[in-house]
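Chains, contacts and geometry: an overview
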Amino acid sequence: MQKYKDKIIIQVKDTIKAIQEVAKYKREGYNIPVVGITGSVGKTSTKDLIASVLSKKYKTLKTMANYNNHIGVPLTVLGLKDHTSAVIEIGMNHKGEIRAWAPMAKPSMAVITNIGTAHIGILGSRENILEAKLEMLEGMDRNALVIINNDNDLLHDWYIKNKNEKNIMTYGIENKSDVMAKNIKFLEKGSEFEVQIGEKTYNAKINVGGTHFVINALCAICVGIKNEIPIDKILEGIADFELTKNRMEIIENKDGVKIISDCYNASYDSMKAALEYLHRVPGEKKIAILGNMGDLGEFEQEIHEKVGEEVYKNKVDILITVRRKCKILCKKGNRTGNE
């Protein structure tokens, strides 16, 4: 103990509970915009996009990597120093977790990226997943802003039912929304698109490919608008966005072979998006290497088969699978005879 002689040491019964309570206390001392982000997929890339936009006006703290659980959330909050905004990712595996963790972040604005099938084996249905994600709202002010992906079927239905009672801002491509993308052009490295906000239209560019990144960019634009950041600065933040490793990362070798690394997380929604992007990328031969998806329970066969259908639909030339569960996927994806 000699090396701690000038330190104060507090002994606690539960270190995790203690760090959470300290985080709650620290958060109370900051009257700043705090964006809480949850959703089945896309949380981390959306978080990075929002932080890139907010940084055009604020000194912004954001969740490191995907530290979004009972330890990661308080550690992020404890990182607050002279920041003037924060973007905090909040994940979950079970009901009640967001309810417990969100008060540490105390968001002034909530983002729900989508409701998919991640952890459906634990939660039982997509409707239960929606219910768990909506726990974010319980610790927020009644009139706090909720920003949702209006193209997601369950979020769209929730919006229709709640639009007269809650402060909701929407973004999307298909369903009429407050912020929309039109005339999307998919480039080899990124996308160009028009952003429609009310009656006005702006040109935007993002340096990562895939429709899902256009959707994520629309979410960041919503956050920028509500934080009164000029539109030119918002679009600059979208263009400056840097992607986290292993999320639609493109690596090209000396022979011109492109490798798309999107292997951080495996779910139906993320695999579908990656396969659609692979289909659009120029190249003579398309090879997909896919692994298991976990936490699917009784839905395991159905969802692996759905990914197999996406392999077939997106005309993958060679399908390589890893681990036992992917045999299900192969049966649906191998209609062209390549495995």
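Residues numbered from 1 in each chain as written. Predicted model: local features only at pLDDT ≥ 70, side-chain atom pairs only at ≥ 80, totals over all residues. Heavy atoms only, no water.

1. What to know about the overall build of the chain
Note the threshold: Each helix is a run of DSSP H or I of at least 4 residues and each strand a run of E of at least 2, with the numbering of both proceeding from the N terminus. Relative accessible area decides the class of each residue, using a 1.4 Å probe on protein chains only: under 20% of the type maximum gives buried, over 50% gives exposed, and in between gives partly exposed. Should any heavy atoms of two residues lie within 4.5 Å, those residues are counted as being in contact. With residues, only the protein chains shown are counted as cover, and all accessible areas are computed by Shrake-Rupley using a 1.4 Å probe.
The helix and strand tally for the chain stands at 12 helices and 13 strands. The 339 residues of the chain split such that 47% are buried. A separation of at least 24 residues holds for 63% of the contacts in the chain among residues at least 6 apart in sequence. Working note: accessible area of the chain is about 17500 Å², and carbon and sulfur atoms make up 48% of it.

2. Quick word on the pattern of salt bridges
Here is the rule: Think of a salt bridge as a Lys or Arg side-chain nitrogen and an Asp or Glu carboxyl oxygen that are within 4 Å of each other.
As enumerated under the stated definition, the model contains 15 salt bridges in all. Through salt bridges that share partners, Lys47, Asp48, Lys62 and Glu89 make up one connected network.

3. Looking at the confidence of the model for the chain
Heads up, the condition is: The predictor reports its confidence for every residue as pLDDT, a score running from 0 up to 100.
Looking at the chain as a whole, the pLDDT averages 87, with 89% of positions reaching at least 70. Every residue in residues 335-339 scores below 50 in pLDDT, and together they form 10 contacts with partners more than four places removed in sequence or on other chains.

4. Remarks on the packing of helix H2 (residues 43-54) against helix H8 (residues 211-226)
Just so we agree on the cut-off: Every axis in this analysis is a line fitted to C-alpha atoms, fitted for helices over the stretch in contact. Angles between the N-to-C directions lie between 0 and 180 degrees. Here is the rule for angles: anything less than 35 degrees is roughly parallel, anything more than 145 is roughly antiparallel, 65 through 115 is roughly perpendicular, and the remaining ranges are oblique. Handedness of a crossing is defined here by the sense of rotation of the near helix relative to the far one, left-handed for an anticlockwise turn of less than a right angle and right-handed for a clockwise turn.
Running from amino to carboxyl end, H2 crosses H8 at an angle of 40 degrees, the nearest separation of the two axes being 9 Å. As summarised for this structure, H2 and H8 are arranged oblique, according to the angle between their axes. The crossing of H2 and H8 is right-handed. Where H2 approaches H8, its residues Ser45, Thr46, Leu49, Ile50, Val53 and Leu54 are matched on the opposing element by Phe213, Asn216, Ala217, Cys219, Ala220, Val223 and Gly224.

5. Quick look at the pairing of strand E7 (residues 179-187)
Defined as follows: Note on pairing: DSSP must find at least two bridges between two strands before they are called paired.
In the sheet, strand E6 (residues 168-172) pairs with E7 via two bridges, with the strands oriented parallel. Among the inter-strand pairings, Tyr171 is bridged to a residue of E7, identified as Val179. Across seven bridges, the pairing between E7 and strand E8 (residues 190-197) is antiparallel. By the bridge assignment for E8, Phe186 is matched with Ser191. Hairpin connection between E7 and E8: a loop of two residues separates the two successive antiparallel strands.

6. Topic: unusual backbone geometry
One non-glycine residue with positive phi stands out, namely Ala65, at about 45 degrees. Along the polypeptide, Ala65 turns up in the loop between strand E2 (60-62) and helix H3 (72-78). A positive phi is found at Glu228, a non-glycine position, where the angle reads about 55 degrees. Mapped onto the fold, Glu228 is located in the loop between H8 and helix H9 (231-240).

7. As for the nonpolar core
Threshold: In this description, a nonpolar core means a group of buried Ala, Val, Leu, Ile, Met, Phe, Trp, Tyr and Cys residues linked to one another through side-chain atoms lying within 4.5 Å.
In terms of nonpolar packing, the biggest core is built from 51 residues, with Ile88, Ile90, Met136 and Ile148 touching the most fellow members. Looking at this core, the element that brings in the most residues is helix H4 (residues 97-105), giving five residues. In this structure, Ile148 is in contact with Ile112, Leu155, Trp158, Tyr159, Ile168, Met169, Thr170 and Tyr171, ignoring residues within four places of it in sequence. Listed in part, the 38 residues of the second largest apolar core include Val53, Phe193, Ile206 and Val223.

8. A few points about H4
Rules: Working definition: the arc comes from the directions between the helix axis and the C-beta atoms, pointing outward to the latter.
Three or more residues of H4 are buried, namely Glu97, Ile98, Trp101, Ala102, Met104 and Ala105. Axial view of H4: buried residues confined to an arc of 150 degrees, hence all on one face. Buried-residue contacts for H4 involve helix H1 (15-27), strand E1 (34-38), H3, strand E3 (85-89) and helix H6 (126-133). Taken from the residues just after H4, Lys106 is the one with a positive phi, measuring 45 degrees.

9. Notes on the sheet that holds E8
Taking strand neighbours across the sheet as the criterion, the nine strands line up as E2-E3-E1-E4-E5-E6-E7-E8-E9 in an open arrangement whose pairing is mixed. The strands lining the two open edges of the sheet, one partner per strand, are E2 and strand E9 (200-206). For this sheet, the mean angle separating the axes of adjacent strands, direction not counted, is 20 degrees. Taken together, the three bridges between E2 and E3 define a ladder with parallel strand orientation. Residue pairing for E3: Lys62 is matched across the bridge by Val87. Strand contacts of H8: E1, strand E4 (109-112), strand E5 (145-149), E6, E7, E8 and E9, with the helix running at about 150 degrees to E6, the strand carrying the most contacts.

10. Focus: H1
Quick reminder of the rule: The span you would expect from a helix comes to 1.5 Å times its residue count less one. Distance and chemistry together define a polar contact, namely a pair of N or O atoms within 3.5 Å, with one atom able to donate a hydrogen and the other to accept it when in protein, and with adjacent residues in sequence counting only for side-chain atoms on both sides.
Across its 13 residues, H1 extends 18 Å between first and last C-alpha, which sits within 8% of the 18 Å expected from 1.5 Å per residue. For H1, the set of buried residues is Gln20, Ala23 and Arg27. All buried residues of H1 fall inside an arc of 60 degrees around its axis, so they share one side. Residues of H1 that are exposed and point over 90 degrees away from its buried face: Thr15 and Tyr25. In this structure, the buried side of H1 is in contact with E1, H3 and H4. At the N-terminal end of H1, a side-chain oxygen is found 3.0 Å from the backbone nitrogen of Ile16, two or three residues along, and the residue is Asp14.

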